[in-house]
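Residue strings, one per chain:
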Amino acid sequence: MDVLLASAVPADIMAFAEHWRNARANNLVPSLSDYLDRPPFAHQRDTAIVDVAAPGQMRFRLFGTGLNDLSGDELTGRDVLAHFHPSARAEAERVTWAAVTTPCGYLLSRKMRRGVFAITASGIGLPLWHQQSARYCIVGFTSAISSQTEVVGSVEEGFVTEVKLVQWIDVGSRTP
């Protein structure tokens, strides 16, 4: 796996990457069941698992309670891209599809809106192998340490209003 620059990456993201690495055993990517069978990650409430069927077809398998608090809604089982502002959907789709087809991970920055508040936070996404569907899915974590909140005064469509790829993470299959 690419070395993440510890000085530039929040400690909770580094801990999440280590938790994912420990679930791999001797495999390139951990299976969904291996990941779920491990003791929960300390910040599990800020974790989401996304099933990716095709470009533009993504559902939340799991949306942690901390993320529910942030979004103001329970999104487990829902269409992922429906909760993105139209200007952020294409980048979210591109990054996620590249991560499951390579497979690889990514670091990103997301701006999320809830009412008049905007929260910008770093996040990481890493692949998991889903045996039943014979496809990769993504386990993602949003850092509470890195978040910044501002009052923006207006309401926009979509929970996630901006997505910026920061870095691809090579898990052994290269990167896009």
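Let me sum up the structure you'll find in this document. As the structure is a computational prediction, the values presented were derived from the model and not from experiment.

Rules of the game
- Every chain begins its residue count from 1, and numbering advances along the sequence as written.
- Totals for whole chains, interfaces and linings use all residues, but because this is a predicted model, local features are given only for residues with pLDDT of at least 70 and pairs of side-chain atoms are given and counted only at 80 or more.
- Only hydrogens and water are removed before side-chain values are computed, so all heavy atoms of the structure are retained for them.
- Here a strand is any run of E in DSSP of at least two residues, a helix any run of H or I of at least four, and the numbering for each starts at the N terminus.
- To get the radius of gyration, use the C-alpha atoms; to get the globule rule, take the number of residues to the power 0.38 and multiply by 2.2 Å.
- Using a 1.4 Å probe on the protein chains alone, a residue whose accessible area is under 20% of its type maximum counts as buried, one over 50% counts as exposed, and one in between counts as partly exposed.
- We call a set of buried Ala, Val, Leu, Ile, Met, Phe, Trp, Tyr and Cys residues a nonpolar core when their side-chain atoms join them within 4.5 Å.
- Only heavy atoms enter the contact rule, under which two residues are in contact if any of them lie within 4.5 Å.
- Salt bridges are defined by distance alone: a side-chain nitrogen of Lys or Arg within 4 Å of a carboxyl oxygen of Asp or Glu.

## Some details on the overall build of the protein
Regarding its fold elements, the protein presents four helices and seven strands. When the helices and strands of the protein are listed from N to C terminus, the series reads α-α-β-β-α-α-β-β-β-β-β. For 176 residues, the compact-globule formula gives about 16 Å, and the C-alpha radius of gyration of the protein, at 15 Å, lands near that figure. Viewed in the frame of its principal axes, the protein has a C-alpha envelope of about 50 × 35 × 30 Å.

## As for unusual backbone geometry
Residue Pro103 is reached from Thr102 by a cis peptide bond, and omega for that bond is -25 degrees. For Pro103, the position within the fold is in the loop between α4 (86–101) and β3 (105–114). Even without a glycine there, the phi angle at Ala134 is positive, about 55 degrees. By the secondary structure assignment, Ala134 is in the loop between β4 (117–130) and β5 (135–142). The partly exposed category is assigned to Ala134, whose relative accessible area is 48%. You will see that Arg174, though not glycine, has its phi angle at about 75 degrees, which is positive. With respect to the element layout, Arg174 can be found in the segment after β7 (160–169).

## Re the nonpolar core
As a rule of thumb, nonpolar side chains are buried together in soluble globular proteins. Phe60, Phe63, Phe84, Tyr106 and Val163 are the most contacted members of the largest nonpolar core, which totals 28 residues. Every element with two or more residues in this core is listed here: β1 (47–54), β2 (57–63), α4, β3, β4 and β7. For this core, the element with the highest residue contribution is α4, accounting for six residues. Apart from residues lying up to four places away in sequence, Val163 is in contact with Phe84, Ala88, Glu91, Ala92, Leu108, Ser109 and Arg110. Core analysis: the second largest hydrophobic core is formed by 20 residues, Ala17, Ala23, Leu126 and Cys137 among them.

## Here we look at the pattern of salt bridges
Considering all chains together, one arrives at six salt bridges under this definition. With a closest N to O distance of 3.0 Å, Asp69 and Arg45 form a salt bridge. Separated by 24 residues along the polypeptide, Asp69 in helix α3 (residues 65–71) and Arg45 in the loop between α2 (32–37) and β1 bring together distant segments of the chain. The exposure class assigned to Asp69 is partly exposed, which follows from its relative accessible area of 49%. Arg45 gets classed as partly exposed once you look at its relative accessible area, which sits at 42%. A salt bridge links Arg94 to Glu91; the shortest N-O distance between them is 2.9 Å.

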